[in-house]
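# A structural walkthrough
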Amino acid sequence: MKQLAERIAQEIQRRFQSRKQDRVWDMSPALPPVFNAEQDDGDAEGKKPEGNRPEGTGPRNPWQTPSGGPGGGKGAPPRRASSLEDIFRARRENGGPGGPGPMPSGPNFRIPQRPDGKSWTPLVLGGVALVWLVFSTGHQLSSNEQGVVTTFGKYTATIGPGMNFTAPWPIQRVRVEDVTSIRRDNVPEGETEKLMLTGDQSLVDLSYIIRWNIRNLKQFAYQLEDPQGTVREVAEAAMRASVAEVKLNDVMLGTRRAEIESNVRQRMQAVLDAYHSGILVQGVDIKKADPPSKVNDAFQRVQAAQQDANRDMSNARAYAEQVVQRAEGDATAFNKVYAQYKLAPEVTRRRMYYATMEQVLSQNDKVIAPAGGFNSYMPLPAIQKKPAEDGVVVKP
Amino acid sequence: MSALFQDGIAPRAKLAVAGLIAAALVGFSAIVEVPESQQAVVMWLGDPVRVINRYKPGVDYGNTGAGLSLRVPFLETLVRVDRRVLNLDMERQQVNSSDQQRLEVDAYARFRIIDPVKMVRTAGTAERVQEQLQPIMTSVLRQGLASYTFQSLLTPERGVMMEQIRKALDIEAREYGAQIIDVRIKRADLPDGTPLERAYARMEAAREQEATTIRAMGQKQAQIIRADAEATAAKIYAEAYGKDPSFYDFYRAMESYRTTFANPANKSSTTIVLTPDNDYLRQFRSQKGQ
């Protein structure tokens, strides 16, 4: 790229300079303007071929090798092309009249005479006729194709895969169609939003694919004016009718999607059969069934609510697990102790009593006082120190 | 060709050749080719006299009369009419349902020229028939849909309605030699603006309601799960403790004392006032007494 830019810059500079020179040079009577104009054909912007410029007058193109003298532009042996422009010029010159190019072409091309001096015309005509016969009588159909043959416009036969021969062109004609391959139609084409009304008067953005092929080529060829367009219109009508029968959630959440698809397929087939269209609907697939973009937020809030509900329930389950495990733990602990208690009830009871009392009393302040009314005289520093509710009297 | 005339052939022969050529040309112009997809009305000096390859139901392709036919050169001319099922598209337009809801409807009809002579007389070409039928279809559809509610336009009842509209349109179409095969609503949409906005608002409200319901259901389920667990726990406790309620009372009391008074998490100590006749001090007392 950089090289090219440099080259263009130099070229512009060169031309700018050469224009001044050319002006003087154009005056020269030795070179009539006609000749110059002709030479200019090769360079639309007025660049002179190097060879036509008197030696040493114009600046030289640094990429161009010196040509073989004045007027050598045409007769010179093809030099190595050094720029795009030169390559094109070389082509033109080679292809031009009297050019040294290897391919004879242009208006001066003449067919060489036949050795016996006769005209080429019959041979050419014969060749054309042969090509015509071969191309209009032999028809090779691949395994997925069929063709309808008409004789002067009248349906004659349906031909299958393989090599088939018919009468030549104006008499019999063949129209070949791919019958087994399944054609796919996307509705809508592209990514536009296609809203349909559902049974609960909501809107759903739906896109789907119709898959179909030709079941009866004869009918397909002659029955409908526009079979492809008909398939699309029938699909559209059937899809809208089917979607209108179900609720939004059934379409969107996919619970009845398969049902809708087969419904549409059946409807389409019924209509296309009624038209004798020769078309077999293979299937209808709903690609996308989304809420309209305008109410998408509301649908996302439903999802959020669903997540909230799920979270609530899993929290509750965790709590439930905890409660039950705790109950089982408590029950098991009790059962174990109870089993021992049953073996020696009194001893166990006393042991537990003392153990508990030990624990309780060792960790708390204790006052032993006689029963009766001297509580009020007692200097009870602990009681005074602390709030009254902490004081507990264990009565016998 | 020019060589024939230059090579000094007698004028009579020239004439004969010219005559032959003329005859061939006339002969060729007497033969017409009608493809399967067309029917041709033969006009005798502009007056339709017969039809080649006329559509008849139930006749299979190949037996219909398509192919080569003869006509009287120059006097008989041909008007070619499509024989296939043609499309009649209605322009998208707003229709009022019986409950005064506006609806944007796109419909199509499929028709076939079954009486090409009549068609040529009344309309001339199939395109003209389409042009003539389009406004009729629009008005028939408008009238037809106006007697149904919005909701029923969306339901299977639509099939019945379309059949009625087809019949009504067919009566009109017969005047042009056409038969309406099918009328179908391609699209029935809410028009832009208020109706569409209202539908969106309704959808949003429905979603809000759904969201609230889902949350409430979740809470209810959670509550039930908790209650179930508590019931299970109660059952487990009852089974275990019910074996000996008095021992349970004692066992639980001990546990409770420990939790209340000897909880290591609770550093503040309690002052416990014991009377000497406390059961715990019984041994203490009797030792003193001894």
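Residues numbered from 1 in each chain as written. Chains lettered and ligands numbered in written order. Predicted model: local features only at pLDDT ≥ 70, side-chain atom pairs only at ≥ 80, totals over all residues. Heavy atoms only, no water.

What counts, and what does not: UniProt positions are given in the numbering used here, feature names are shortened, and annotations may be inferred rather than shown by experiment.
Where an unreviewed UniProt entry is consulted, chain B appears under the name Protein HflC, with the organism given as Novosphingobium humi. Comment text from UniProt for chain B, heading Subcellular location (unreviewed entry), reads "Membrane".

Chain A is annotated in an unreviewed UniProt entry as Protease modulator HflK of Novosphingobium humi. According to the UniProt record, the Sequence similarities (unreviewed entry) comment for chain A is "Belongs to the band 7/mec-2 family. HflK subfamily." Under the heading Subcellular location (unreviewed entry), UniProt records this for chain A: "Membrane".

### Here's the deal with the overall build of chain B
Note the following rule: Runs of H or I in DSSP of at least four residues are treated as helices and runs of E of at least two as strands, each being numbered from the N terminus. Exposed residues in this analysis have more than 50% of their type's maximum accessible area, buried residues have under 20%, and partly exposed residues fall in between, with area computed by a 1.4 Å probe over protein chains only. Contacts between residues were defined by any pair of non-hydrogen atoms, one from each residue, lying within 4.5 Å. The method behind every accessible area is Shrake-Rupley, applied with a 1.4 Å probe, and residues are considered shielded solely by the protein chains displayed.
A count of helical and extended segments in chain B gives 9 helices and 10 strands. Relative to its full complement of 290 residues, chain B shows a buried share of 41%. Considering only intrachain contacts with a sequence separation of at least 6, the fraction spanning at least 24 residues in chain B is 68%. Accessible surface, chain B as shown: approximately 15700 Å² in total, 55% of it carbon and sulfur.

### Things to note about the sheet that holds strand S5 (residues 172–178) of chain A
Residues and elements named next belong to chain A. Applicable threshold: Here, any two strands with at least 2 DSSP bridges between them count as paired. To obtain each axis, a line is fitted to C-alpha atoms, and for helices this fit is confined to the stretch in contact; angles are then taken between N-to-C directions over 0 to 180 degrees.
Ordered by their spatial adjacency, 3 strands build an open sheet running S3-S2-S5, and the pairing between neighbours is antiparallel. With partners counted over all chains shown, the strands left at the sheet margins are strand S3 (154–159) and S5, one partner each. With strand direction ignored, the average angle separating the axes of adjacent strands in the sheet is 25 degrees. Sheet topology note: the strand S2 (residues 145–151)/S5 ladder contains 7 bridges and is antiparallel. Looking across to S5, one finds that Gly147 is bridged to Val176.

### Quick notes on the side chain of Gln269(A)
Structurally, Gln269(A) can be placed in helix H9 (residues 257–274). Contact partners of Gln269(A), with chain neighbours within four places excluded, come to Arg215(A), Ile279(A), Leu280(A) and Val281(A).

### Section: a negative patch on the surface
To keep it simple, the criterion reads: Candidates for patches are residues over 30% relative accessible area with no salt bridge; among them, like charges are joined within 9 Å and nonpolar side chains (Val, Leu, Ile, Met, Phe, Trp, Tyr) within 5 Å. One speaks of a salt bridge when a side-chain nitrogen belonging to Lys or Arg is within 4 Å of a carboxyl oxygen belonging to Asp or Glu. The convention is simple: Lys and Arg are positive, Asp and Glu are negative, and His and the chain ends are not counted. To locate a charge, take atom NZ for lysine, CZ for arginine, CG for aspartate or CD for glutamate.
Side chains of Glu225(A), Asp226(A), Glu127(B) and Glu131(B) sit close together on the surface and give a patch of like negative charge. For Glu131(B), the position within the fold is in helix H4 (residues 126–146). Glu131(B) sits in the exposed class, given a relative accessible area of 51%.

### Points about the sheet that holds strand S5 (residues 76–82) of chain B
Residue and element names in this part refer to chain B. Sheet architecture is open: 3 strands sit in the order S3-S2-S5, paired in antiparallel fashion. With partners counted over all chains shown, the strands left at the sheet margins are strand S3 (47–52) and S5, one partner each. Averaged over neighbouring strand pairs, the angle between their axes works out to 30 degrees when direction is ignored. Bridge analysis of strand S2 (residues 38–44) against S5 gives 7 bridges, and the strand direction is antiparallel. Within the sheet, the bridge partner assigned to Gln38 lies in S5 and is Asp82.

### Side note on the nonpolar core
For clarity, the cut-off: Nonpolar cores are built from buried Ala, Val, Leu, Ile, Met, Phe, Trp, Tyr and Cys residues. Side-chain atoms within 4.5 Å join them into one set.
In terms of nonpolar packing, the biggest core is built from 91 residues, with Leu206(A), Ile210(A), Met239(A) and Met268(A) touching the most fellow members. When residues in this core are grouped by element, the largest group, 8 residues, is from H4(B). Core analysis: the next-biggest nonpolar cluster, separate from the first, contains 24 residues, Ala331(A), Tyr338(A), Tyr251(B) and Met254(B) among them.

### Let's talk about the packing of helix H10 (residues 296–343) of chain A against helix H7 (residues 194–241) of chain B
Going by this rule: Any angle from 65 to 115 degrees is called roughly perpendicular, while one under 35 is roughly parallel, one over 145 is roughly antiparallel, and all others are oblique. Under the scheme applied, nonpolar residues are Ala, Val, Leu, Ile, Met, Phe, Trp, Tyr, Cys and Pro; charged residues are Asp, Glu, Lys and Arg; polar residues are all the others, including Gly.
The N-to-C vectors of H10(A) and H7(B) enclose an angle of 5 degrees; their axes lie 8 Å apart at closest approach. Of the possible angle classes, the one that applies to H10(A) and H7(B) is roughly parallel. Residue composition of the contact of H10(A) with H7(B), grouped by class: 26 nonpolar, 6 polar and 14 charged.

### Digging into the environment of Pro35(B)
Tracing the backbone through its elements, the reader meets Pro35(B) in the loop between strand S1 (31–34) and S2. Put simply, Pro35(B) and Arg83(B) are 48 residues apart on the chain and 9.5 Å apart in space, counted from C-alpha to C-alpha. Dropping the residues within four chain positions of it, Pro35(B) is found in contact with Gly153(A), Asn53(B), Ala66(B) and Arg80(B).

### Quick word on the packing of aromatic side chains
The condition is simple: Pairing of aromatic rings covers Phe, Tyr and Trp, the last counted by its six-membered ring, and requires centre-to-centre distances within 6.5 Å; plane angles under 30 degrees mean stacked, over 60 mean edge-to-face, and any other angle means tilted. Look at NZ for Lys and CZ for Arg. If either is within 6 Å of the ring centre and within 35 degrees of the ring normal, a charge sits over the ring.
One pass over the structure, following the stated rule, counts 17 aromatic pairs over all chains. Consider the rings of Tyr257(B) and Phe261(B), whose centres lie 6.5 Å apart with planes at 45 degrees: the pair is tilted. Of this pair, Tyr257(B) and Phe261(B) are both found in helix H8 (residues 245–261), 4 residues apart, which corresponds to roughly one turn of the helix. Note on Tyr257(B): relative accessible area 33%, which makes it partly exposed. Here the aromatic residues Phe334(A), Tyr338(A), Tyr341(A), Tyr237(B), Tyr241(B), Phe247(B), Tyr248(B), Phe250(B) and Tyr251(B) are joined through ring pairs into a cluster of three or more. Looking at Arg349(A), its charged tip hangs above the ring of Phe250(B), at a distance of 4.7 Å from the centre. Over the ring of Tyr55(B) we find Arg112(B), and its NZ or CZ is 3.8 Å from the ring centre.

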